[in-house]
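Residues per chain are reported as follows:
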Amino acid sequence: EAGVVQSPRYKIIEKKQPVAFWCNPISGHNTLYWYRQNLGQGPELLIRYENEEAVDDSQLPKDRFSAERLKGVDSTLKIQPAELGDSAVYLCASSFRTGAYPYSPLHFGNGTRLTVT
Amino acid sequence: SQELEQSPQSLIVQEGKNLTINCTSSKTLYGLYWYKQKYGEGLIFLMMLQKGGEEKSHEKITAKLDEKKQQSSLHITASQPSHAGIYLCGAVPLKFTGGGNKLTFGTGTQLKVEL
(Lines give C-alpha, C1' and ligand atoms only; values in the text may rest on other atoms or scores of the structure.)
Protein backbone atom coordinates (compact mmCIF):
# COMPACT_ATOMS: atom_id res chain seq x y z
CA GLU A 1 0.00 0.00 0.00
CA ALA A 2 1.23 3.46 -0.83
CA GLY A 3 2.17 5.63 2.12
CA VAL A 4 1.33 9.23 2.88
CA VAL A 5 2.62 11.42 0.07
CA GLN A 6 3.67 15.01 0.62
CA SER A 7 4.94 17.64 -1.73
CA PRO A 8 7.11 19.50 -2.16
CA ARG A 9 9.94 17.92 -0.14
CA TYR A 10 11.76 21.21 0.20
CA LYS A 11 10.72 24.83 -0.12
CA ILE A 12 12.76 28.00 0.28
CA ILE A 13 10.91 31.30 0.25
CA GLU A 14 11.47 34.86 1.35
CA LYS A 15 9.54 36.18 4.31
CA LYS A 16 6.14 37.66 3.56
CA GLN A 17 5.68 35.30 0.62
CA PRO A 18 2.90 32.69 0.55
CA VAL A 19 3.57 28.96 0.54
CA ALA A 20 1.41 25.85 0.26
CA PHE A 21 1.97 22.21 1.15
CA TRP A 22 0.06 19.28 -0.22
CA CYS A 23 -0.74 15.91 1.34
CA ASN A 24 -2.28 12.74 -0.04
CA PRO A 25 -3.12 10.33 2.81
CA ILE A 26 -3.20 6.56 2.74
CA SER A 27 -6.23 5.34 0.82
CA GLY A 28 -9.17 4.73 3.13
CA HIS A 29 -7.80 6.71 6.05
CA ASN A 30 -10.49 9.01 7.36
CA THR A 31 -8.38 11.09 9.74
CA LEU A 32 -5.66 13.48 8.58
CA TYR A 33 -3.21 15.49 10.66
CA TRP A 34 -0.80 18.34 10.01
CA TYR A 35 2.13 18.57 12.40
CA ARG A 36 5.00 21.05 12.57
CA GLN A 37 8.42 19.90 13.74
CA ASN A 38 11.08 22.38 14.74
CA LEU A 39 14.71 21.35 14.78
CA GLY A 40 15.49 19.14 17.75
CA GLN A 41 11.88 18.95 18.85
CA GLY A 42 9.04 16.50 18.56
CA PRO A 43 6.18 17.19 16.15
CA GLU A 44 3.41 19.51 17.34
CA LEU A 45 -0.16 19.19 16.09
CA LEU A 46 -1.48 22.05 13.99
CA ILE A 47 -4.80 20.67 12.80
CA ARG A 48 -6.70 17.39 12.69
CA TYR A 49 -9.42 16.43 10.23
CA GLU A 50 -12.06 13.74 10.48
CA ASN A 51 -13.16 13.32 6.88
CA GLU A 52 -13.77 16.88 5.66
CA GLU A 53 -14.27 18.40 9.10
CA ALA A 54 -11.52 20.14 11.03
CA VAL A 55 -12.17 18.78 14.52
CA ASP A 56 -9.14 20.27 16.25
CA ASP A 57 -7.44 23.41 14.99
CA SER A 58 -6.68 24.99 18.36
CA GLN A 59 -2.94 25.05 17.64
CA LEU A 60 -3.22 26.54 14.16
CA PRO A 61 -2.12 30.21 13.97
CA LYS A 62 -5.21 31.30 12.16
CA ASP A 63 -4.00 34.77 11.30
CA ARG A 64 -1.60 33.37 8.73
CA PHE A 65 -2.24 29.64 8.45
CA SER A 66 -5.14 27.96 6.69
CA ALA A 67 -5.92 24.40 5.73
CA GLU A 68 -8.48 22.50 3.79
CA ARG A 69 -9.30 18.91 3.06
CA LEU A 70 -11.26 18.60 -0.11
CA LYS A 71 -13.71 15.70 -0.35
CA GLY A 72 -12.17 14.16 2.72
CA VAL A 73 -9.06 12.98 0.90
CA ASP A 74 -6.18 15.30 -0.06
CA SER A 75 -5.29 18.26 2.08
CA THR A 76 -3.49 21.56 1.63
CA LEU A 77 -1.82 23.66 4.30
CA LYS A 78 -1.12 27.29 3.45
CA ILE A 79 0.90 30.03 5.10
CA GLN A 80 0.39 33.62 4.06
CA PRO A 81 2.48 35.59 4.71
CA ALA A 82 5.37 33.44 5.89
CA GLU A 83 7.59 34.61 8.73
CA LEU A 84 11.14 33.63 9.63
CA GLY A 85 9.85 31.62 12.59
CA ASP A 86 7.82 29.40 10.29
CA SER A 87 10.95 27.60 9.16
CA ALA A 88 10.35 23.98 10.15
CA VAL A 89 9.39 20.60 8.78
CA TYR A 90 5.66 20.25 8.10
CA LEU A 91 4.48 16.68 8.48
CA CYS A 92 1.23 15.18 7.30
CA ALA A 93 -0.12 11.99 8.85
CA SER A 94 -3.20 9.86 8.43
CA SER A 95 -4.98 7.12 10.33
CA PHE A 96 -8.15 5.05 10.12
CA ARG A 97 -10.32 5.70 13.11
CA THR A 98 -13.42 3.72 14.05
CA GLY A 99 -15.50 3.55 17.18
CA ALA A 100 -13.97 0.19 18.01
CA TYR A 101 -10.44 1.34 17.31
CA PRO A 102 -10.25 5.05 18.02
CA TYR A 103 -6.53 5.29 18.63
CA SER A 104 -4.99 3.58 15.65
CA PRO A 105 -1.39 4.57 14.92
CA LEU A 106 -0.63 7.56 12.75
CA HIS A 107 1.27 7.02 9.52
CA PHE A 108 3.47 9.93 8.50
CA GLY A 109 4.69 11.31 5.20
CA ASN A 110 8.29 12.41 4.67
CA GLY A 111 7.41 16.02 5.33
CA THR A 112 8.12 19.35 3.67
CA ARG A 113 11.14 21.21 4.92
CA LEU A 114 10.38 24.92 4.78
CA THR A 115 13.10 27.55 4.97
CA VAL A 116 12.03 31.17 5.23
CA THR A 117 14.79 33.68 4.50
CA SER B 1 -1.26 20.02 29.35
CA GLN B 2 0.43 16.69 29.02
CA GLU B 3 4.18 16.62 28.87
CA LEU B 4 6.35 13.80 27.69
CA GLU B 5 9.96 13.69 28.76
CA GLN B 6 12.45 11.47 27.02
CA SER B 7 15.85 10.46 28.26
CA PRO B 8 18.56 10.53 27.32
CA GLN B 9 18.43 13.32 24.73
CA SER B 10 21.20 11.65 22.79
CA LEU B 11 23.05 8.39 22.94
CA ILE B 12 26.17 7.02 21.27
CA VAL B 13 26.74 3.28 21.53
CA GLN B 14 29.10 0.82 19.95
CA GLU B 15 27.68 -1.69 17.56
CA GLY B 16 26.52 -4.78 19.39
CA LYS B 17 25.75 -3.02 22.65
CA ASN B 18 22.34 -2.88 24.30
CA LEU B 19 20.60 0.39 25.09
CA THR B 20 17.45 1.74 26.71
CA ILE B 21 15.45 4.91 26.02
CA ASN B 22 12.87 6.15 28.49
CA CYS B 23 9.66 8.13 28.10
CA THR B 24 7.79 9.57 31.08
CA SER B 25 4.40 11.22 31.12
CA SER B 26 2.99 13.63 33.67
CA LYS B 27 -0.43 12.01 33.17
CA THR B 28 -1.84 8.50 32.95
CA LEU B 29 -1.97 7.43 29.34
CA TYR B 30 -4.48 5.72 27.13
CA GLY B 31 -1.82 4.68 24.66
CA LEU B 32 1.92 5.09 24.17
CA TYR B 33 3.43 4.99 20.68
CA TRP B 34 7.05 4.63 19.65
CA TYR B 35 8.29 6.05 16.37
CA LYS B 36 11.65 6.21 14.65
CA GLN B 37 12.74 9.10 12.45
CA LYS B 38 15.74 9.36 10.18
CA TYR B 39 17.06 12.80 9.37
CA GLY B 40 15.00 14.48 6.68
CA GLU B 41 12.32 11.83 6.72
CA GLY B 42 8.97 11.19 8.31
CA LEU B 43 8.20 9.13 11.39
CA ILE B 44 8.04 5.37 11.10
CA PHE B 45 5.64 3.63 13.48
CA LEU B 46 7.32 0.99 15.64
CA MET B 47 4.91 -0.10 18.36
CA MET B 48 1.85 0.88 20.35
CA LEU B 49 1.26 -0.03 23.99
CA GLN B 50 -2.10 0.28 25.71
CA LYS B 51 -2.25 -2.01 28.71
CA GLY B 52 -0.41 -1.51 31.98
CA GLY B 53 2.54 -3.88 32.10
CA GLU B 54 2.32 -4.57 28.37
CA GLU B 55 5.46 -5.52 26.49
CA LYS B 56 5.92 -5.82 22.75
CA SER B 57 8.88 -6.83 20.63
CA HIS B 58 9.78 -6.44 17.00
CA GLU B 59 13.06 -7.90 15.85
CA LYS B 60 15.61 -6.58 18.35
CA ILE B 61 13.46 -3.78 19.76
CA THR B 62 11.34 -4.27 22.88
CA ALA B 63 8.98 -1.70 24.35
CA LYS B 64 7.34 -1.83 27.76
CA LEU B 65 4.64 0.21 29.47
CA ASP B 66 4.60 0.33 33.26
CA GLU B 67 1.61 -0.71 35.35
CA LYS B 68 0.63 2.87 36.08
CA LYS B 69 0.72 3.67 32.36
CA GLN B 70 2.91 6.72 32.82
CA GLN B 71 6.31 5.43 31.83
CA SER B 72 7.62 3.46 28.90
CA SER B 73 11.01 2.14 27.90
CA LEU B 74 12.39 1.12 24.54
CA HIS B 75 15.20 -1.42 24.63
CA ILE B 76 17.41 -2.32 21.71
CA THR B 77 19.44 -5.49 21.92
CA ALA B 78 22.72 -5.87 20.06
CA SER B 79 22.50 -2.50 18.33
CA GLN B 80 23.33 -2.17 14.64
CA PRO B 81 24.05 0.86 12.44
CA SER B 82 20.54 0.47 11.00
CA HIS B 83 19.15 1.34 14.43
CA ALA B 84 20.60 4.85 14.25
CA GLY B 85 18.07 7.67 14.14
CA ILE B 86 15.76 9.65 16.38
CA TYR B 87 13.35 7.75 18.57
CA LEU B 88 10.18 9.56 19.56
CA CYS B 89 7.49 8.57 21.99
CA GLY B 90 3.98 9.84 21.45
CA ALA B 91 1.01 9.51 23.75
CA VAL B 92 -2.72 9.98 24.09
CA PRO B 93 -3.80 10.90 27.62
CA LEU B 94 -6.33 8.67 29.35
CA LYS B 95 -8.92 11.38 29.83
CA PHE B 96 -8.78 12.80 26.34
CA THR B 97 -12.31 13.00 25.11
CA GLY B 98 -11.82 14.89 21.89
CA GLY B 99 -11.91 11.84 19.73
CA GLY B 100 -9.37 10.81 17.19
CA ASN B 101 -5.75 10.44 18.02
CA LYS B 102 -4.27 13.65 19.39
CA LEU B 103 -0.75 12.42 19.81
CA THR B 104 1.61 14.54 21.85
CA PHE B 105 5.26 13.80 21.25
CA GLY B 106 8.37 13.89 23.35
CA THR B 107 11.45 15.77 22.14
CA GLY B 108 13.13 12.61 20.92
CA THR B 109 16.31 10.67 21.61
CA GLN B 110 19.02 10.75 18.97
CA LEU B 111 20.82 7.44 18.70
CA LYS B 112 24.16 6.96 16.97
CA VAL B 113 25.70 3.54 16.59
CA GLU B 114 29.43 3.44 16.08
CA LEU B 115 31.17 0.64 14.25
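Placed above this text is the structure.
Everything in this summary refers to the structure shown in the same document. Predicted, not measured: the structure shown is a model, and the values here were computed from it. (Residues numbered from 1 in each chain as written. Chains lettered and ligands numbered in written order. Predicted model: local features only at pLDDT ≥ 70, side-chain atom pairs only at ≥ 80, totals over all residues. Heavy atoms only, no water.)

1. Considerations on the pairing of strand β2 (residues 10-14) of chain B
Residue and element names in this part refer to chain B.
- Burial along β2 is one-sided: Leu11 and Val13 are buried, and none of Ser10, Ile12 and Gln14, which face the opposite way, are.
- Inspection of the sheet shows β2 paired to strand β11 (residues 109-114) by five bridges, in the parallel sense. Considered in β11, the bridge of Gln14 is made with Glu114. (Buried < 20%, exposed > 50% of the residue type's maximum accessible area, 1.4 Å probe, protein only. Helix = DSSP H or I, 4+ residues; strand = E, 2+ residues; numbered from the N terminus. Pairing = 2+ DSSP bridges.)

2. Topic: the interface of chain B and chain A
- With 23 residues of chain B in contact, the opposing surface of chain A contributes 25 residues.
- Regarding the contact of chain B and chain A, the summed buried area is about 1900 Å², with carbon and sulfur atoms giving 52% of it.
- On the surface where chain B and chain A come into contact, there are zero salt bridges.
- For the side of chain B that touches chain A, the elements supplying multiple residues, two or more each, are β4 (29-37), β5 (43-49) and β9 (85-93) of chain B.
- Sort the elements by how many residues they give to the side of chain B that touches chain A and β4 of chain B lands first, with four residues.
- For the side of chain B that touches chain A, the class distribution of residues is 12 nonpolar, nine polar and two charged. (Contact = heavy atoms within 4.5 Å. Buried area = accessible area lost by both parts, 1.4 Å probe. Salt bridge = Lys/Arg side-chain N within 4 Å of Asp/Glu carboxyl O. Nonpolar A, V, L, I, M, F, W, Y, C, P; charged D, E, K, R; others polar.)

3. A look at the packing of aromatic side chains
- A full pass over the atoms with the stated rule returns nine aromatic pairs over all chains.
- Geometrically, the ring pair formed by Tyr33 of chain A and Tyr35 of chain A is tilted, given 6.4 Å between the ring centres and 35° between the ring planes. This pair shows no difference in class: Tyr33 of chain A is buried, exactly as Tyr35 of chain A is.
- Connected via pairs of aromatic rings, a cluster forms that spans Tyr33, Tyr35 and Phe108 of chain A together with Tyr35, Phe45 and Phe105 of chain B.
- When the ring centre of Tyr30 of chain B is taken as origin, the NZ or CZ atom of Lys69 of chain B, which lies over that ring, is 6.0 Å away. (Phe/Tyr/Trp six-rings, centres within 6.5 Å; stacked < 30°, edge-to-face > 60°. Lys NZ or Arg CZ within 6 Å of the ring centre and 35° of its normal.)

4. Considering unusual backbone geometry
- Of note, the amide linkage connecting Gln80 of chain A to Pro81 of chain A takes the cis form, showing an omega dihedral of -5°.
- Here Pro81 of chain A lies in the loop between β8 (75-79) and β9 (88-95).
- A cis amide bond, omega -10°, links Ser7 of chain B with the succeeding residue Pro8 of chain B.
- Mapped onto the elements, Pro8 of chain B comes out in the loop between β1 (4-7) and β2.

Remember, this is a structural readout, not a statement about activity or role.
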